[in-house]
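Notes for the structure review
These are the residues of each chain, in order.
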Amino acid sequence: MSRCARAPRTPRTFYGVAVSRAPSFAPVDVVARTLRVELTAARARRGGAAPRVLDVGGGSGTWAVPLAADGCEVTVVDSSANALAVLRSRARDAGVAGGVRAVQGDVDALADAVADAQADLVLGHGLLEYVDDPAEACRALAAAAAPGAAVSLLVAGRFAAVLSRVVAGRLTEARRLLVDPAGRWGPDDPLRRRMDVEEIRTLVEVDGRLAVERVQGHRVLADLVPDGVVEPGGGPPDALAELEDIAAGTPPLRDMASSLHVLARRPV
Ligand SMILES: C[S@@+](CC[C@H](N)C(=O)[O-])C[C@H]1O[C@@H](n2cnc3c(N)ncnc32)[C@H](O)[C@@H]1O
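These notes cover the structure that comes with them.

Conventions and cut-offs
Note on numbering: residues in each chain are counted from 1, in written sequence order. Only residues with pLDDT of at least 70 get local features here, since the model is predicted, and only at 80 or more are side-chain atom pairs given and counted; chain-wide, interface and lining totals rely on the full set of residues. Derived side-chain values reflect all non-hydrogen atoms in the structure, with water molecules and hydrogen atoms excluded from consideration. Numbered from the N terminus, helices here are DSSP runs of H or I no shorter than four residues, and strands are runs of E no shorter than two. Working definition: with a 1.4 Å probe on protein chains only, accessible area under 20% of the residue-type maximum means buried, over 50% means exposed, and in between means partly exposed. Every residue pair with non-hydrogen atoms within 4.5 Å of one another is taken to be in contact. Using a 1.4 Å probe, accessible areas were evaluated by the Shrake-Rupley method; residue-level cover was limited to the displayed protein chains. For two strands to be treated as a pair, DSSP must find at least two bridges joining them. A fitted line through C-alpha atoms represents every axis, and for helices the fit uses only the stretch in contact; the resulting angles, taken between N-to-C directions, go from 0 to 180 degrees. If a single non-hydrogen atom of a residue is within 4 Å of a molecule or strand, that residue counts as near it. Counted as a polar contact is a pair of N or O atoms within 3.5 Å, where, for protein atoms, one must be capable of donating a hydrogen and the other of accepting one, and residues adjacent in sequence contribute only when both atoms are in side chains. Only Asp, Glu, Lys and Arg are considered charged in this grouping, and only Ala, Val, Leu, Ile, Met, Phe, Trp, Tyr, Cys and Pro are considered nonpolar; every other residue, Gly among them, is considered polar. Relative orientations are named as follows: roughly parallel for angles under 35 degrees, roughly antiparallel for angles over 145 degrees, roughly perpendicular for angles from 65 to 115 degrees, and oblique for any other angle. Handedness of a crossing follows from how the near helix is turned relative to the far one, being left-handed for an anticlockwise turn of less than a right angle and right-handed for a clockwise one. To estimate how far a helix should reach, multiply one less than its number of residues by 1.5 Å. Along the arc lie the directions from the helix axis toward the C-beta atoms. The term nonpolar core refers to a set of buried residues drawn from Ala, Val, Leu, Ile, Met, Phe, Trp, Tyr and Cys, joined through side-chain atoms within 4.5 Å.

Comments concerning the overall build of the protein
Summing up its helical and strand segments, the protein has nine helices and nine strands in all. Looking at the protein as a whole, 47% of its 268 residues qualify as buried. Contacts in the protein between residues far apart in sequence, at least 24 positions, make up 71% of those at least 6 positions apart. Summed over all atoms, the accessible surface of the protein reaches about 12,900 Å², with 56% contributed by carbon and sulfur.

Set out below in structure tokens:
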């Protein structure tokens, strides 16, 4: 089939470069793969019972719905009633309403919403950018994790934001992002902070409740591959996944990912 005959795809940009995501690239997600390994281990620890996942700031269910579809019992705690309404509807549409519990609550009062030390996996994806006190949020996430369980964090990366502003010619914002202690481009920045690898690692390990096991870039290269460039004959179908796996953990490529992923563990 000629390139012109393809169905149109949603345009995206990365560092200001127009790219589109081919369907075959969908499995290129090191975070999803990391979580799958974690859940397999949790299921084994529980003698085959469904892993209990707590998704704080889980919003409309980007992670919660697929995890429920994978057989997890997911509790989403989110401060937004609107996001939780969308979550319920998406869970119903996906046929997993029974596997998703939606609780309106704040990470600052997480202990009021869920029991301590019960979750086999705790997610805080896209959460730390919005909270008042990220160290306190990390403490709450750690307290909700069962001994030996993992806490998975995704946080906006400072350096990708700098590069995207430079490519767009927004140099004042790029400079602010680079030098501002919170990694913000100005007072109207909707995010309260962006981080680099050292910042997120220090934050997570600040009081010894969690030990960082892995820091990786999320979709470091996959979004850069322009439509049609890889095929035909560009490599085996999993070539990009393998490349992404390596890049995700290789500085400085890792450090320039738009999101940084941390897998930390509560000691047994
Ligand atoms: C960027 S969205 C991330 C959604 C989802 N985790 C994801 O990765 O797609 C941030 C979510 O955090 C929620 N949120 C923000 N501050 C919060 C807080 N203090 N406690 C609980 N949820 C919060 C918002 O309502 C929103 O749904």
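Structure shown, so let's carry the discussion forward.
Considerations on the sheet that holds strand 6 (residues 119-125)
Read across the open sheet, the seven strands follow the order 5-4-3-6-7-9-8; overall the sheet is mixed. Both edges of this open sheet fall to strand 5 (100-104) and strand 8 (211-218), since each of them pairs with a single strand only. Across the sheet, the mean angle from the axis of one strand to that of its neighbour is 15°, orientation sign disregarded. With seven bridges connecting them, strand 8 and strand 9 (residues 259-265) associate as antiparallel partners. Bridge pairing links Arg214 to Leu263 in strand 9. Packed onto the sheet, helix 3 (residues 81-93) meets strand 4 (73-78) and strand 5 and runs at close to 170° relative to strand 5. Strands strand 3 (52-56), strand 6 and strand 7 (145-156) of the sheet are contacted by helix 5 (residues 134-144), whose axis makes an angle of about 145° with strand 7.

A few points about the environment of Ala247
By the element assignment, Ala247 lies in helix 9 (residues 239-248). Those residues in contact with Ala247 that lie beyond four places of it in its chain are Val220, Leu221, Leu253 and Arg254.

Notes on the site of the ligand
The environment of the ligand is formed by 16 residues, the closest being Gly57, Asp78, Asp106, Val107 and His125. Asp78 places a side-chain nitrogen or oxygen 2.6 Å from an oxygen atom of the ligand. Backbone polar atom of Val107 to a nitrogen atom of the ligand: 3.0 Å apart, as the coordinates give it. Notes on the ligand: free accessible area 590 Å², of which the protein chains cover 77%. Residue classes in the shell around the ligand are distributed as five nonpolar, nine polar and two charged.

What about the packing of helix 6 (residues 158-167) against helix 7 (residues 171-179)?
Packed helices, taken two at a time, are described by their axes: the angle between them and the distance between them. Contact pair helix 6 / helix 7: the axes reach a minimum separation of 8 Å and the direction vectors enclose 165°. Classified by the angle between their axes, helix 6 and helix 7 sit roughly antiparallel to one another. The way helix 6 lies across helix 7 gives a crossing that is left-handed. Touching Arg158, Phe159, Ala161, Val162, Arg165 and Val166 of helix 6 are Leu171, Glu173, Ala174, Leu177, Leu178 and Val179, all from helix 7. The residue inventory of the contact of helix 6 with helix 7, partitioned by class, reads nine nonpolar, no polar and three charged.

Regarding helix 3
The end-to-end C-alpha distance of helix 3 is 19 Å, a good match for the 18 Å that 13 residues give at a rise of 1.5 Å each. Along helix 3, the positions that sit buried rather than exposed are Ala83, Leu84, Leu87 and Ala91. Angularly, the buried residues of helix 3 cover 95° about the axis, an arc narrow enough to put them on a single face. Counted as exposed and oriented over 90 degrees from the buried face of helix 3: Asn82, Arg92 and Asp93.

Quick look at helix 9
Considered for burial, the residues of helix 9 that qualify are Leu240, Ala241, Glu244, Ala247 and Ala248. Viewed end-on, helix 9 has its buried residues packed into an arc of 130°, placing them on one side of the element. Those residues of helix 9 that are buried are in contact with helix 1 (30-45) and strand 8.

Quick look at the nonpolar core
Judged by nonpolar contacts, the single largest core of 36 residues is most densely connected at Leu54, Leu110, Leu128, Leu141, Ile200 and Val204. For this core, the secondary-structure elements that each account for two or more residues are strand 3, strand 6, helix 5, strand 7, helix 8 (197-204), strand 8 and strand 9. Broken down by element, the residue count for this core peaks at seven residues, all from helix 5. The contacts of Leu141, once residues within four sequence positions are left out, are Val56, Val107, Leu110, Val122, Leu123, Gly124, Leu127, Val151 and Leu153. Counting 26 residues, the second largest nonpolar core, distinct from the first, contains Leu35, Val53, Val65 and Val76.

Such coordinate-based values are descriptive only and should not be taken to indicate function.
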